Amino acid sequence: SVNPPWNFSVIDTESRFEVPIFGLEGETHVLAGIMDRVDKIGEGEYEIIDYKTNRRLPSQSSADGNLQMSIYHMALIRRWPNADPAKIKLSLYFLKHGEKISSFRSADALSITSEAILKTIKEIQKNLKNNAWKPVLSPLCDWCAYKIICPAWKHLYKKEDSSTPDENQLQEAIKEYFAIKAN
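Thresholds, definitions, all that
Throughout, a residue's number is its position along its own chain's written sequence, starting from 1. Local features in a predicted model are, by the rule used here, given only for residues with pLDDT of at least 70; side-chain atom pairs are given and counted only at 80 or more, and totals for whole chains, interfaces and linings are based on all residues. With hydrogens and water set aside, each side-chain value is computed from the structure's full complement of heavy atoms. Think of it this way: any DSSP run of H or I at least four residues long counts as a helix, any run of E at least two long counts as a strand, and we number them from the N terminus. Side-chain atoms alone can form a polar contact between residues adjacent in sequence; in general such a contact is a pair of N or O atoms within 3.5 Å, and within protein one must be able to donate a hydrogen while the other accepts it. Throughout, a contact is declared for two residues whenever any of their heavy atoms are within 4.5 Å. What is meant by a nonpolar core is a set of buried Ala, Val, Leu, Ile, Met, Phe, Trp, Tyr and Cys residues, joined one to another through side-chain atoms within 4.5 Å. Exposed residues in this analysis have more than 50% of their type's maximum accessible area, buried residues have under 20%, and partly exposed residues fall in between, with area computed by a 1.4 Å probe over protein chains only. A helix's residues, less one, multiplied by 1.5 Å, set its expected span. A pair of strands is considered paired only if DSSP assigns at least 2 bridges between the two. Inter-axis angles, ranging from 0 to 180 degrees, are taken between N-to-C directions of lines fitted to C-alpha atoms, where helices are fitted over the stretch in contact. In the sections that follow, a salt bridge refers to a side-chain nitrogen of Lys or Arg positioned within 4 Å of a carboxyl oxygen of Asp or Glu.

**A look at the side chain of Ser70**
Next, step 1: Locating Ser70 in the fold gives a position in helix H2 (residues 67-79).
Next, step 2: Of the polar contacts made by the side chain of Ser70, one reaches the side chain of Arg105; its length is 2.9 Å.
Next, step 3: Dropping the residues within four chain positions of it, Ser70 is found in contact with Arg105 and Thr113.

**A few points about the nonpolar core**
Next, step 1: Phe17, Val19, Ile21, Met35, Ile48 and Ile117 are the most contacted members of the largest nonpolar core, which has 25 residues in total.
Next, step 2: Counting residues per element, the ones that place at least two in this core are strand E1 (9-22), strand E2 (28-42), strand E3 (45-52), H2, strand E4 (88-94) and helix H3 (108-129).
Next, step 3: The leading source of residues in this core is H2, at seven residues.
Next, step 4: Apart from residues lying up to four places away in sequence, Met35 is in contact with Thr13, Glu14, Ser15, Phe17, Ile48, Tyr72, Ala75 and Arg79.

**Structural notes on helix H4 (residues 167-182)**
Next, step 1: Taking 1.5 Å of rise per residue, 16 residues should cover 22 Å, and H4 covers 23 Å from first to last C-alpha, within 8% of that figure.
Next, step 2: With a side-chain oxygen positioned 3.2 Å from the backbone nitrogen of Asn168, the residue opening H4 is Asp166.

**Digging into the sheet that holds strand E5 (residues 99-104)**
Next, step 1: On the basis of which strands lie adjacent, the open sheet formed by five strands has the order E1-E2-E3-E4-E5 and mixed pairing. Here the strands that pair on one side only, and so sit at the sheet edges, are E1 and E5. Put simply, the sheet's adjacent strands are angled 35° from each other on average, direction ignored.
Next, step 2: For E3 and E4, the ladder comprises seven bridges, and the chain directions are parallel. Considered in E4, the bridge of Tyr46 is made with Ile88.

**Brief notes about the side chain of Ser102**
Next, step 1: Note that Ser102 resides in strand E5.
Next, step 2: At a separation of 2.6 Å, a polar atom in the side chain of Ser102 contacts the side chain of Ser91.
Next, step 3: Not counting the four nearest positions on each side in its chain, Ser102 is found in contact with Glu47, Gln60, Asp64, Lys89, Leu90 and Ser91.

**Structural notes on the pattern of salt bridges**
Next, step 1: All told, the structure shown has five salt bridges when counted by the stated rule.
Next, step 2: Between Asp50 and Lys52 there is a salt bridge whose closest N-O contact spans 2.8 Å.
Next, step 3: Among the residues examined, Asp50 registers a relative accessible area of 3% and is labelled buried.
Next, step 4: A salt bridge links Lys147 to Asp142; the shortest N-O distance between them is 2.9 Å.
Next, step 5: The buried category is assigned to Lys147, whose relative accessible area is 13%.

Right, here's the structure in full:
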């Protein structure tokens with residue numbers, strides 16, 4: 001077994017978090033999510049585990065640069081500010097293979113992650129401003145909460161004309177109603 005139960009203490013599962021990211025112009029962005037599992041693996045040492053169903057195992061370098069795990073790292077530091085960032089183990093557990101790939105982030109990784117997120121936010125804002133948002137279609141679209149406003153799917157969600165009729169149209173409709181009723 002990759003995680004024998006006598007080697008750890010499960011602290012939390014399905015743990016919700018919010019991490020503020022502060023931009024250079026004074027704006028605040030909030031990243032929110034859910035960590036699958038947090039274990040205490042030693043004195044002042046923690047492990048964040050994210051369960052994956054991928055068919056293929058990624059490389060170690062891919063795990064080392066995984067942005068999702070870097071965000072989880074930030075979230076745990078925010079929750080426990082006195083925790084040593086270098087003592088937080090970040091693990092991707094691949095259920096189909098029973099394999100776990102782990103990595104660590106340095107204290108410097110917190111600012112590097114923030115910078116990467118701010119860069120992505122700026123790109124998104126630029127694309128929205130220039131109306132240059134290019135949707136990427138995938139099988140996940142059916143589960144996306146933003147499908148109703150996505151340019152790729154807007155044809156399925158046409159808004160009906162909700163303008164109110166003017167007085168003349170109302171009078172005509174009333175006349176038509178009473179004519180039909182009389183017949």
